[in-house]
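Descriptive analysis of the structure
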Amino acid sequence: MDFTSFLTSLGTSFLIFLVLMIVFAFLSSKPGNNVVYFPNRILKGLEPSEGGPKSRNPFSWIKEAMSSSERDIVTMSGVDTAVYFVFLTTVLSILVLSGVILLPVLLPLSATDNAVKTQGAKSQTTSKGTFNELDKLSMANITAKSSRLWGFLIACYWVSIVTFVLLWRAYKHVSWLRAEALKSPDVRPQQFAIVVRDIPNATQGQTKKEQVDAYFKAIYPEAFYRSMIVTDNKVVNKTWESLEGFKKKLARAEAVYERSKTTAKPEGTRPTNKTGFLGLVGKKVDSIDYYNDKINELVTKLESDQKVTLREKQQDAALVFFSNRVVAASAAQSLHAQMVDTWSVFDAPEPNQLIWPNLKIKYFQRELRQYLVYVIVALTIFFYMIPITFISAFTTLDNLVKYLPFLKPVVRIKALRTVLEAYLPQLALIIFLALLPKLLLFLSKFEGIPTESHAVRAASGKYYYFIVLNVFIGVTIGGTLFKAFHRIQENPNINEIASLLAESLPGNATFFLTYVALKFFVGYGLELSRIVPLIIYHLKRKYLCKTEAELKEAWQPGDLGYATRVPGDMLIVTIVFCYSVIAPVIIPFGVLYFGLGWLVLRNQALKVYVPSYESYGRMWPHIHKRVLASLILYQITMFGYFGAQKFYYTPLVLPLPFLSLIFGFICGKKFYPAFEHPALEVAANPLKEPPNMELIFRSFIPPSLSSEKIEDERFEDALSSVSRTTPV
């Protein structure tokens, strides 16, 4: 990429962001779009704008975002979202404090040397030898063995020390945030329950429920309340989903019928449908009558399926409820049996987080699945690197023209060529990566992970290692190997390959500069403007939505999407860390990415996104480890790069990765246990009112098993009516 293409990329990205921000300011001021731009506030019964409609102006969102406090974020979007902003603020602070030293010190050191000029084509370059303006501001312009490299080595220590200090402060703050949330005097159902897995076979003549009740009543005689045996709900869930589907169809048919009533035709027109495949074939019937008949039929079937499920499909797992949350917290972190594969427990999550089918999976099967998934993910990373490497090399214009000659007339147009060079490789990479997250989330659930938040954390971790290994390392090394394949063939010795790999890192600096710029300007511009959700909502409202429930479903915003958002941010952290000393001009790009991200996502958290679960900051230890992993990769990279520069004091970089590992070990020992389980001193805080144990118990009953006939004899096993004890 030459200097013109680089400036074109930056200029057009910034222009797109300005246009999208103006579009947002205009569209968000229209009352008809409130459900797209302010759904979180609307769902909480608040005015879309904090000061009311009259106070709204195109830039009020900036003031509202910047003036908001951490308490506002917790109130509107929960502790998990507040913890995400701790991450953004921490990385932003690391980059600002690093840049304050690195930019004024390293840029003059690079600019006043003349390695690029004197070494010519043989020098290392930040842009395949064509972007000399950037070369002069990077380590590529430092003469090998130069004493100036001392400045860059000290800079490596400065970045590492700043990261250690700020990560420690962040871990301490997030621990406080989590403790404050768990100390809340409000009654939360999950704080009074534990999940039990690996229940052994009951003795003859004893039901599974009686076995569970007897076991926990003996250990916790005063606080034990009830148990709920987990069942295989596959069949009953299918029936319940069909019933709910027909209820929605009935509501839609009735709404269509009401709208058909006019002054000229007050009796209206009753809607009809065909009973065959997708309503396209089969007998034509009156929709309202047909759906009513189906509902009545499915209600009877659901009751029958519930009875069979509760009596005959009990699994080796249960939820156990206690009348005291300290006892529940203590039980969740206690070893209940001599053998690890029986009576294993963990603290209950929110009821909507449980992945019910995974609760029945036995201990050793979970272990086997976990290792199997690790192998599958490793193979996926390895084999995905092949197409990623191919894309990074193939999507350069020279290679496209070489292998697709019919594109020559298009590429000859100078303006179009400049734009394509600026965006084509980055766009191809972003689109290709969008295909992966669903696979990784599926694999995480396949492991046997029992909760949604844990599955998201696991998928996030897999995605992080995937994009770092494939995008950062794959693009960096792959492009060079592809280009220099013949050179390696002619001289396939280790020194030649090592030299090539050392040259490959600075050779992709401009690619990553434009990648980061594209992510924060275009990415956050689309995030703020919400063009795609707006178009989808209006299309659904006009052509598909007939009822209030359908309309609400059309504008439901979802959550921040941590499974992909956090790894995407981590990739930027890795890129900026690894180039912070080699090409310090990338630091302002990183500051812009996280600064703009903080501002835009602050607005989205306060007004748009609605959390789908709350884990009270359980994501933070994973974020912390991955920031450290990025730092270690940066330190190893710098060790290799100093070696390529033939700097005699390169071994002085070696202590840094070990210091990072020690720092991570200390943080894990000091802070992590309180994230794994709630501390008893936190759980011991008083409640503002006694817990209603019946409501707590019923909140965990799956929707497909709930019934108005709650005291019916056939619900005995699931609702534990015979094992009920009086709370103390």
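Because the structure is predicted, anything quoted here is derived from the model rather than measured. (Residues numbered from 1 in each chain as written. Predicted model: local features only at pLDDT ≥ 70, side-chain atom pairs only at ≥ 80, totals over all residues. Heavy atoms only, no water.)

Concerning the pattern of salt bridges
Applying the stated criterion across every chain yields a total of 20 salt bridges. A salt bridge links Lys-462 to Glu-447, with the nearest nitrogen and oxygen atoms 2.6 Å apart. Of this pair, Lys-462 sits in helix α20 (residues 452-483) while Glu-447 sits in the loop between α19 (437-446) and α20; the two residues are 15 residues apart in sequence, bridging distant segments of the chain. The two residues Lys-462 and Glu-447 agree in class, both being buried. Put simply, Lys-208, Asp-316 and Lys-362 are held in one network by salt bridges that share partners. (Salt bridge = Lys/Arg side-chain N within 4 Å of Asp/Glu carboxyl O. Helix = DSSP H or I, 4+ residues; strand = E, 2+ residues; numbered from the N terminus. Buried < 20%, exposed > 50% of the residue type's maximum accessible area, 1.4 Å probe, protein only.)

Concerning the packing of helix α6 (residues 79-111) against helix α26 (residues 562-580)
α26 packs onto α6 with a crossing angle of 10 degrees between their chain directions and a minimal axis gap of 12 Å. In this view, α6 runs roughly parallel relative to α26, as classed from their interaxial angle. On the side of α6, the interface is formed by Asp-80, Thr-81, Tyr-84, Phe-87, Leu-88, Val-91, Ile-94, Leu-95 and Leu-102, while α26 contributes Tyr-562, Arg-565, Val-566, Asp-569, Met-570, Val-573, Val-576, Phe-577 and Ser-580. The residue inventory of the contact of α6 with α26, partitioned by class, reads 13 nonpolar, 2 polar and 3 charged. (Axes fitted to C-alpha atoms, helices over the stretch in contact; angles between N-to-C directions. Parallel < 35°, antiparallel > 145°, perpendicular 65-115°, else oblique. Contact = heavy atoms within 4.5 Å. Nonpolar A, V, L, I, M, F, W, Y, C, P; charged D, E, K, R; others polar.)

Here we look at a nonpolar patch on the surface
A grouping of Val-96, Leu-97, Val-100, Ile-101, Val-105 and Trp-158 is seen on the molecular surface, where their side chains present a nonpolar patch of about 460 Å² in accessible area. With 5 residues, the top contributor of residues to the nonpolar patch is α6. Within the secondary structure, Leu-97 is located in helix α6. The class for Leu-97 is partly exposed, based on a relative accessible area of 39%. (Patch = residues over 30% accessible without salt bridge, like charges linked within 9 Å, V, L, I, M, F, W, Y side chains within 5 Å. Areas by Shrake-Rupley, 256 points an atom, 1.4 Å probe, with all protein chains shown as cover.)

Some details on the side chain of Ser-453
Within the fold, Ser-453 resides in helix α20. Only 2.5 Å separates the side chain of Ser-453 from the side chain of Gln-353, close enough to count as a polar contact. (Polar contact = N/O pair within 3.5 Å; in protein donor to acceptor, adjacent residues only side chain to side chain.)

Remarks on the packing of helix α9 (residues 149-182) against helix α29 (residues 655-671)
Helix-helix packing: each pair is described by the crossing angle between the helix axes and the interaxial distance. Look at α9 against α29: their axes get within 11 Å of each other, and the N-to-C directions meet at 5 degrees. In this view, α9 runs roughly parallel relative to α29, as classed from their interaxial angle. Contact with α9, carried on its side by Cys-156, Tyr-157, Ser-160, Phe-164, Leu-167, Trp-168, Tyr-171, Lys-172 and Ser-175, involves Pro-655, Leu-656, Leu-659, Ser-660, Phe-663, Ile-666, Cys-667, Lys-670 and Phe-671 of α29 and no other residues of that element. Looking at the contact of α9 with α29 residue by residue, the classes come out as 13 nonpolar, 3 polar and 2 charged.

Details of unusual backbone geometry
Although it is not a glycine, Tyr-616 adopts a positive phi angle of roughly 55 degrees. Structurally, Tyr-616 is set in the loop between α27 (586-607) and α28 (620-644). By relative accessible area, Tyr-616 is classed as buried at 10%. The phi angle at Lys-646 is positive, at roughly 60 degrees, despite the residue not being glycine. Tracing the chain through its elements places Lys-646 in the loop between α28 and α29.

Comments concerning the side chain of Ser-630
By secondary structure assignment, the location of Ser-630 is in helix α28. A polar atom in the side chain of Ser-630 sits 2.7 Å from the side chain of Thr-574. If sequence neighbours within four positions are ignored, Ser-630 has contacts with Tyr-464, Met-570, Val-573, Thr-574 and Phe-577.

Comments concerning the confidence of the model for the protein chain
Detailed reading of the predicted coordinates is not advisable wherever pLDDT is low. Across the protein chain, pLDDT averages 83, with 80% of residues at or above 70. Averaged pLDDT values for the elements of the protein chain fall to 48 in helix α33 (residues 716-719) and rise to 96 in α29. Of the regions scoring below 50 in pLDDT, residues 119-131 engages in 41 contacts with residues more than four places distant in sequence or in other chains. (pLDDT = per-residue confidence, 0-100.)

A closer look at the nonpolar core
Here is a general trend for soluble globular proteins: nonpolar side chains tend to be buried in one another's company. Phe-87, Val-581, Trp-620 and Phe-642 are the most contacted members of the largest nonpolar core, which totals 128 residues. Considering each element in turn, this core owes the most residues, 17 residues, to α9. When we break this core down by domain, the ones giving at least three residues each are domain 1 (3-186 + 496-689) and domain 3 (363-447). Not counting residues up to four positions away in its chain, the partners in contact with Phe-642 are Met-139, Leu-149, Phe-152, Leu-153, Cys-156, Phe-647, Thr-650 and Val-653. Core analysis: the second largest hydrophobic core is formed by 34 residues, Tyr-291, Phe-321, Ile-701 and Leu-705 among them. (Core = buried A, V, L, I, M, F, W, Y, C linked by side-chain atoms within 4.5 Å. Domains from an automatic or database assignment.)

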